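# What the coordinates show
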Amino acid sequence: MSDKEKKQGTEISRRSFIKGVGTGTVAATVVPTILVGDQNTAEAQTDEATSTAVIQLNINGKVHEIEVESRTTLLTVLRDGIDTNGNNVDLTGAKLICDKGECGGCTILADDKPVYACMMLAMDAQGKQITTVEGIADGDDLHPVQEAFIKHDAMMCGFCTPGFVVSSVALLNENKKPTLEEIKDGLSGNTCRCGTYPFIFDAVETASEKM
Amino acid sequence: MASWGEASQSRLIGKRITRLSGKDKVTGKAKYTYDINRPGMLYARILRSEVARAEVIALDLTPAEELPGVKAVIELTQVGNQLRYQGQEIAAVAAETDDIAKDALRLIHVELEELPFVVTEDDALAEGAPEIRDWTGNKSDPNVDERGDLEAGFEEAAVIVEAKYHTPVQTHVCLETHGNVAEWRGEEYLTFWASTQAVFGVRNDLARTFDLPANQVRVITEHMGGGFGSKFGPGVEGHTAARLSKMTGKPVKLMLTRRAEHLVAGNRPSMTQHVKAGATSDGRLIAYDMQGYGTGGIGSGAGFTGPYVYSVENSRTERFNVATNAGNQRAMRAPGHPQGAFAMDSLMDELAEKLGMNPLEFRRLNDSSEVRQAQYTLGAQEIGWHKRNTVPGSGTGIKKRGLGVGSGQWGGGGGRGTQARVTINADGTVEAVTGTQDIGTGVRTAIAIIVAEELGLQPTDISVTVGDSEPGLPSGGSGGSQTTPSVAPVIKTAAEAAKQKLFEHVAPLLQAPVDDLRVGIGTIYVASDRTKTVTWKQATGQLGMESISEGGNWDEDLRQGGVAGTQFAEVEVDTQTGHVGVIKIVAVQDCGLAINRLATESQINGGVIMGLGQTLLEERIMDPQTGRMLNANLEDYKVPGTYEIPEIKAIVFDTHRKVSGVGEPPCIPTLGAIANAVYNAIGVRIRELPITPDKVLTALAEKKA
Amino acid sequence: MDNFSYVNATDLEQVTSLLSDSGWGEVMVVAGGTDLLGELKEYIETPKTLINLKSLPGMDSISMNTTGITIGALTTVADIANHPTIQQRYTVLAQAASSVATPQIRNVGTLGGNLCQRPRCWYYRDETVNCLKKGGDTCYAVDGLSKYHAILGGDPVFIVHPSDIAPALIALGASLKIVGPEGEKTMKVEEFFTLPAANPFRENVLQPNEIVVEVHVPQPKQGTKSFYLKAREKGAPDFALASVAGVFEMMGQTCQNANIVLGGVAPAPWRSTEAENILSGKVINESVSNNAGAAAVKDAQPLNDNAYKVTLTQNLISRTAMMAVS
């Protein structure tokens, strides 16, 4: 079946809408009805052996057993997951901000490499050592990156901070003495809206001297 | 008269102090509204219109209701209603998981009949455009302001500049999207975690909406992930969360998606200005004639400043609002100012050039602010103003550098309406409580600094509670750069009162009159005989079973409004790629008494970076064909990232010992400074933001031709 | 996103047989997922089954011999960017890989996924806009907002190909291996990509039951210099407004042979033989470089908003060529 055929099967209503939009902005638009939702999305997702599974995830050195759907992202497990004992995973340090791998708020380490938890399926996290921001400090002893973030006030609202902390730790694990350009590159996958960047750069420089 | 004392006597105030919430924020322990997990909590989502304008023909919730895991589905519009912008609410779902809620939204059956729409200002103003609200031609009545004699002014002018300046709609992009968690206890008591800038504003709104006594609504905002002016009320999403929670008897979390955040959670309106202005041969701005408009969406205005900062005797301005089928504007960091400043600072440079005058000198001649006059000198020195191209665009090579300057003005003097309490317990612990909220500016830490300074303690000794309506100590919303100047006087007077009470308890022990007692560092001593001293704990031990708990009061003399700012920019323009890189920004920011110099510098950095984004990257892109916002994400709506960050020299220009707010003003002068620097680098002026490579390359090509 | 069945791939035969009857969209393969999950979350694709290729053994390595390097399709973009030999001898490839998105995406995204990623066009990525590429009647970029769209080879769909790595591979003369139900076949990376005139729905020749398994890059000749230049609005994670992969076989200041491949300006990586012809056999100087740039965009047909890309592309080619002699 070609793309066109396939699409015709499911999207006639939407297409007829868009045709009616016309090219001029103020064209008198005569549009038939359109459907905003109405896709049979929920149907296909049950009863298939592999569409849900009980998996084990190693997060911050602790094994969590949890039932997930195939589509469940690692970020969903961390933030909203409930394990098979009925306990909330409740690791809300990784934030859901863009949900599309564009902002870095959900950065975690998978086998020591920074990745976006919103773009990783929970099933794919099996067998990896997952470290979230909650696992960066050694008990009450903060990581030098965390100490330096506090010292330099490398946060305002703080919503992006966990992602920046994790990315900074990953950067310094790879490169002990990064230049400013290397810091910018290493943190280029993280976004801050308050504009804390200059103090974040200072913090990473300070932390690099302590590692 | 109350005073903050001399700088030399301040141990903490005005110093660089790390924030109290630092550890929680770097370890991920800080709980934002988005992070609240309540037992049995449901996840809610809102189905929104994806079209700009349509009538609702049919709406059937049944298929969604039947999906296992769905607990409630409600209509947010009705058949027959008109939806007037993309993102407008149609229905909402609460379900056991967020994924089920998403699935359920897609099962709701909606039929819409699309109606003619306008999503850009040009289309709204075009002849024959469909009228989308009760304004003739989609235009509001103009707001006209006349001063002096414009005609005479132009006659006196030696040079005249006519230009059109434009800034597009910018969105707030709060990283924590708008949203709430609602939890009812029976039908009488609502606990509401809100990502808000106004804890008490939200409480009062909910009490009205749900017909509850105000003391039966508790709003909690321990931490919140950015508001920038867009988060003052509970909004449709807040009311919806509370409704769904009441219906289901379960806690309900409803956070906006990133897409919805762009579409419906507010924006900075656009601005278009047609300006004609004249200056005398000796460099006096003498006449200013402006017609301008902007769009704030379907139902809101689009105010902006102009003329701005600089004095002009003769002026006429005419402003109107344009309605478009788009989400409404909300206050955004210094509403109206950055866009007005961009136009004005560009205009000033254009006039100066026609006069053959250094643009900084031209500003000096027309700026009545003594503070800014001093800032011009300091900033020019810091940036190396002498390095600018005397002839714009005269630099050689592919990458050309240039310098520019811009200015701004803000109020930020705070106001009445805050109540606070400082408590000293017998074990020596100290609590400070008020109903403000820390939206990232660090007011929690500022409170601790003030109390610790007053009591001779360390900021970390003070336990500060903000962001909770339960203690019943109201404070205003965090807007207008008012938070610290509103809260600081009340906290200080409360701490003073608590200290006095403690002195009364300690005086017998030290065998000295109360007014002879002073606080040291962790001690209380007798001023006339410093050998007589007790430790803080010994002193508070005198309280026995009691605690001291004192309120404060508003004190005009401890705060002051009106802050001036100036920024200088150095940019490098790659003339082959059109890319503008900002090398350095010098931001000289008047801020009154900086309670915490470190947090103040943070605020200045942040303002500069948001201004930089508005100048070089940000734009809500509306498609006239489909009526859609094409960049309702963080891929194509571009906010500054690490590579965009210049060296920023934040100069805290503390001119007096009274508290002023500084959240908004630093984002104002950046636009003009960068735009003027780009002109100085390449000799072509770009009058429309953002200054992206397409515009730079097109402008350079036109210059060549 | 809708739920799906998730199948871990065990071997290539299993993969191609699972794919074989389904056509596009019912059963899909996923590796890093950094592109596909975005499409699933936006409901651009709603597969019933996803085959996880990451479980295939031995497909994530880089091997070298005297003829060149072979890179498994599951190799991450980061591993390509950080590989010392690639950095030294296949510089354009390392530079292209390191310009991809962000560190987090480079750690997960794979070579195969980078080559097969779908367009970023804002009409295509909006579920509710049924554009020509999704089976509708209109490419909305033609009359709509087209700042990021194609200036070359667009008709009738004016997307641009988002890959950075593909132009570099083509400029290096790389080939790739495809496995399908009938076994494997090898083709030039250049031949892998197609224009919308041939097929408006896909960006390459891959059939629904085939996957890319590896890429071979021949060793560049002695004296080769290569560069990847990428123009963006924002430093990261922006896709290219325009990019140039240039490979120059140099003898002193003379370019004996030049390969110039453009990214971000056409629905497929765009080889500019016009620019190559001008550069090859010439002493590179400013005028030759400028002529090469101009030749490359001679036939460009910009839309309403992207005429700047003509200048930009021209300038980038000229800059790349000048780097070969600096």
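Here, residues in each chain are numbered from 1, in the same order as that chain's written sequence. The order in which chains are written sets their letters, starting at A; the order in which ligands are written sets their numbers, starting at 1. Residues qualify for local features only when their pLDDT is at least 70, as the model is predicted, and side-chain atom pairs are given and counted only at 80 or more; totals for whole chains, interfaces and linings, by contrast, use all residues. Note that the side-chain values use all heavy atoms of the structure and ignore hydrogens as well as water.

## Concerning the interface of chain B and chain A
Contact residues are listed per partner, giving 78 residues for chain B and 69 residues for chain A. Both sides of the chain B and chain A interface together cover about 6200 Å² of buried area, and 57% of this is carbon and sulfur. A 1.4 Å probe defines the accessible area here, and the buried area is the portion of it lost by two parts on being joined, summed over both. Considering only the surface of chain B that becomes buried against chain A, B:Val26, B:Leu175 and B:Thr642 emerge as the three largest contributors, covering 12% of it. Note on definitions: salt bridges are taken to be side-chain nitrogens of Lys or Arg within 4 Å of carboxyl oxygens of Asp or Glu. Counting across the chain B and chain A interface gives six salt bridges. With a closest N to O distance of 2.8 Å, B:Asp35 and A:Lys95 form a salt bridge. Under the rule applied, a polar contact is a pair of N or O atoms within 3.5 Å (in protein, one hydrogen donor and one hydrogen acceptor; residues adjacent in sequence only if both atoms are side-chain atoms). Where chain B touches chain A, the interface holds 28 residue pairs in polar contact (both at pLDDT 80 or more). Any pair of residues with heavy atoms lying within 4.5 Å of one another is described as a contacting pair.

## Brief notes about the interface of chain A and chain C
Each partner contributes residues to the interface: chain A has 44 residues there, and chain C has 42 residues. Regarding the contact of chain A and chain C, the summed buried area is about 3700 Å², with carbon and sulfur atoms giving 53% of it. The interface formed by chain A and chain C holds four salt bridges in total. In this structure, C:Arg106 engages A:Asp185 in a salt bridge whose closest nitrogen and oxygen atoms are separated by 3.9 Å. Where chain A touches chain C, the interface holds 15 residue pairs in polar contact (both at pLDDT 80 or more). If you tally residues by element for the side of chain A that touches chain C, the top one is helix H1 (residues 3-21) of chain A, at ten residues. Gly falls in the polar group here, along with every residue not listed as nonpolar (Ala, Val, Leu, Ile, Met, Phe, Trp, Tyr, Cys, Pro) or charged (Asp, Glu, Lys, Arg). In terms of residue class, the side of chain A that touches chain C is built from twelve nonpolar, 15 polar and 17 charged. Secondary structure elements follow DSSP: runs of H or I no shorter than four residues count as helices, runs of E no shorter than two count as strands, and numbering proceeds from the N terminus.

## Details of the domain arrangement of chain B
Residues and elements named next belong to chain B. As annotated, the domain borders come from an automatic or database domain assignment. Once the domains are mapped, chain B shows domain 1 (7-18 + 414-558), domain 2 (33-115 + 178-255) and domain 3 (325-411 + 561-704). Spacing between the C-alpha centres of domain 1 and domain 2 amounts to 40 Å. Between domain 1 and domain 2, the contact holds 17 residues from the first and 17 residues from the second. Across the domain 1-domain 2 interface, the total number found is one salt bridge. Here Asp468 makes a salt bridge to Arg218, at a shortest N to O gap of 2.6 Å. For the interface between domain 1 and domain 2, the tally reads eight residue pairs in polar contact (both at pLDDT 80 or more).

## Looking at the sheet that holds strand S17 (residues 314-322) of chain B
All names here are of chain B. Strand pairing is assigned whenever DSSP identifies at least 2 bridges connecting the two strands. Read from one edge to the other, the open sheet built from five strands follows the order S7-S17-S16-S15-S8, with strand pairing classed as mixed. Two strands lie at the open edges of the sheet, namely strand S7 (143-147) and strand S8 (159-167), each paired on one side alone. This sheet shows a mean twist of 5° between the axes of neighbouring strands, independent of strand direction. Judged from the eight bridges that link them, strand S15 (residues 271-279) and strand S16 (residues 285-295) form a sheet pairing that is antiparallel. Residue pairing across strands places Lys276 opposite Asp289, the latter belonging to S16. Relative to S8, helix H9 (residues 337-355) is tilted by about 150°, and along the sheet it contacts S8, S15 and S16. Throughout, an axis means a line fitted to C-alpha atoms (over the contacting stretch in the case of helices), and angles, computed between N-to-C directions, take values from 0 to 180 degrees.

## Focus: the sheet that holds strand S22 (residues 517-519) of chain B
Residues and elements named next belong to chain B. Strand order in the open sheet formed by three strands is S22-S23-S24, and the pairing between neighbours is antiparallel. A strand with exactly one partner marks an edge of an open sheet, and here the two such strands are S22 and strand S24 (529-535). The mean inter-strand angle of the sheet, taken between neighbouring strand axes irrespective of direction, is 30°. With three bridges connecting them, S22 and strand S23 (residues 523-526) associate as antiparallel partners. When the bridges of S23 are listed, Arg518 appears paired with Tyr525.

## A word on the packing of H9(B) against helix H10 (residues 359-366) of chain B
Residue and element names in this part refer to chain B. Two numbers describe how H9 lies on H10: the axes approach to 9 Å, and their chain directions differ by 110°. On the basis of the axis angle, H9 is roughly perpendicular to H10. In this structure, H9 uses Asp345, Met348, Asp349, Leu351, Ala352 and Leu355 to contact H10, whose residues at the interface are Pro359, Phe362, Arg363 and Asn366. Throughout this description, any angle smaller than 35 degrees is read as roughly parallel, any larger than 145 degrees as roughly antiparallel, any in the 65 to 115 degree range as roughly perpendicular, and the remainder as oblique.

## Things to note about helix H16 (residues 669-682) of chain B
Here, expected helix span is obtained from the residue count minus one, scaled by 1.5 Å. The terminal C-alpha atoms of H16(B), which comprises 14 residues, lie 21 Å apart, in line with the 20 Å expected from a rise of 1.5 Å per residue. The first or second residue beyond H16(B) is B:Gly683, which carries a positive phi of 75°.

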